[in-house]
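Per-entry structural report
Residue-level listing of the chains:
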Amino acid sequence: MRRITHAVAALALATAALTGLTALGTGSAGAADGSWAGCPYGAVCVYPQNQDPASAPSDVYWSYGAHNLSNQYGNHWVLNNQSGGAHAHLCKSSGGGNCVYDIPAQKGVWYDLGPINSITLDRP
């Protein structure tokens, strides 16, 4: 009887361990919903100055076109988590003028945003 009790207890423990591992795997960042380092799928994200690695964006942009930046100095991660080949550009002028850096979809860059005054989200 003791042997059966130990076998049942071991089986219950193994089942609980597998259930716990499965729950942990589904809760990991960036998996099922397409988010990347806290940046939602389909967006372009700017992270706080010197946040490395990128984990929580300070700005999230969804719509195509130019987005003016303010009070962004020093090095920042900028992640383009858009789909379908959409690009993001870092631009020296406001309103999307004088763009100096192209970020393809699903790519990111560590960049000094001091001279950058806007970001554009561009359709493929």
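Residues numbered from 1 in each chain as written. Predicted model: local features only at pLDDT ≥ 70, side-chain atom pairs only at ≥ 80, totals over all residues. Heavy atoms only, no water.

**Description of the packing of aromatic side chains**
To keep things clear, this is the line we draw: Two aromatic rings from Phe, Tyr or Trp, using only the six-membered ring of Trp, form a pair when their centres are within 6.5 Å; if the ring planes differ by under 30 degrees the pair is stacked, by over 60 it is edge-to-face, and anything between is tilted. Only DSSP runs of H or I with at least four residues qualify as helices, and only runs of E with at least two residues qualify as strands; both kinds are numbered from the N terminus onward.
One pass over the structure, following the stated rule, counts 2 aromatic pairs. Plain terms: the ring middles of Trp 77 and Trp 110 are 5.6 Å apart, the flat faces sit at 55° to each other, and that makes the pair tilted. Residue Trp 77 is located in strand β4 (residues 75–80), and its partner Trp 110 is located in strand β7 (residues 107–112); the two are separated by 33 residues in the primary sequence. Judged by centre distance (5.3 Å) and plane angle (55°), the ring pair of Tyr 101 and Tyr 111 falls under tilted. With Tyr 101 in strand β6 (residues 99–103) and Tyr 111 in strand β7, the pair connects residues that are 10 residues apart, well separated along the chain.

**Side note on the sheet that holds strand β8 (residues 118–122)**
Test applied: DSSP calls a pair of strands paired once it identifies at least 2 bridges connecting them. Geometry is summarised by axes, namely lines fitted to C-alpha atoms with helices restricted to the contacting stretch, and by angles between N-to-C directions that run from 0 to 180 degrees.
With respect to topology, 4 strands assemble into an open sheet ordered β3-β8-β5-β6, the strand pairing being antiparallel. The open sheet has two edge strands, β3 (65–68) and β6, and neither has a second partner. Direction aside, neighbouring strands of the sheet carry axes that sit 25° apart on average.

**Some words on unusual backbone geometry**
The omega torsion across Asp 52 and Pro 53 is 15°, close enough to zero to call that bond cis. Tracing the sequence through the fold places Pro 53 in the loop between β1 (44–46) and β2 (59–61). One non-glycine residue, Asn 98, lies in the positive phi region at around 55°. Tracing the backbone shows Asn 98 in the loop between β5 (87–91) and β6.

**Overview of the sheet that holds β7**
Ordered in space as β2-β1-β4-β7, the 4 strands form an open sheet in which the pairing is antiparallel. Edge strands, defined here as strands with exactly one partner in the open sheet, are β2 and β7. On average, each strand axis in the sheet is inclined to that of its neighbour by 15°, with strand direction left out of account. Across 3 bridges, the pairing between β1 and β2 is antiparallel. Counterpart to Val 44 in the pairing with β2 is Tyr 61.

**Considerations on the state of the cysteines**
What counts here: Two cysteine sulfur atoms form a disulfide, by the criterion used here, when they sit within 2.5 Å. Each residue is placed in one exposure class: buried if its accessible area under a 1.4 Å probe, protein chains only, is under 20% of its type's maximum, exposed if it is over 50%, and partly exposed if it falls in between.
If you walk through the whole model with that rule in mind, you get 2 disulfides. Two residues, Cys 39 and Cys 45, share a disulfide whose sulfurs are 2.1 Å apart. Between Cys 39 and Cys 45, the disulfide has an S-S torsion of 85° and is therefore right-handed. For Cys 39, a relative accessible area of 0% gives the class buried. Among the residues examined, Cys 45 registers a relative accessible area of 0% and is labelled buried. A disulfide bridge connects Cys 91 with Cys 99, and the sulfur atoms are separated by 2.0 Å. Judged by the torsion about the S-S bond (70°), the Cys 91/Cys 99 disulfide is right-handed. Taking relative accessible area as the criterion, Cys 99 reaches 37% and is therefore assigned partly exposed. By sequence order of its bonded cysteines, the protein chain has the disulfide arrangement 1-2, 3-4.

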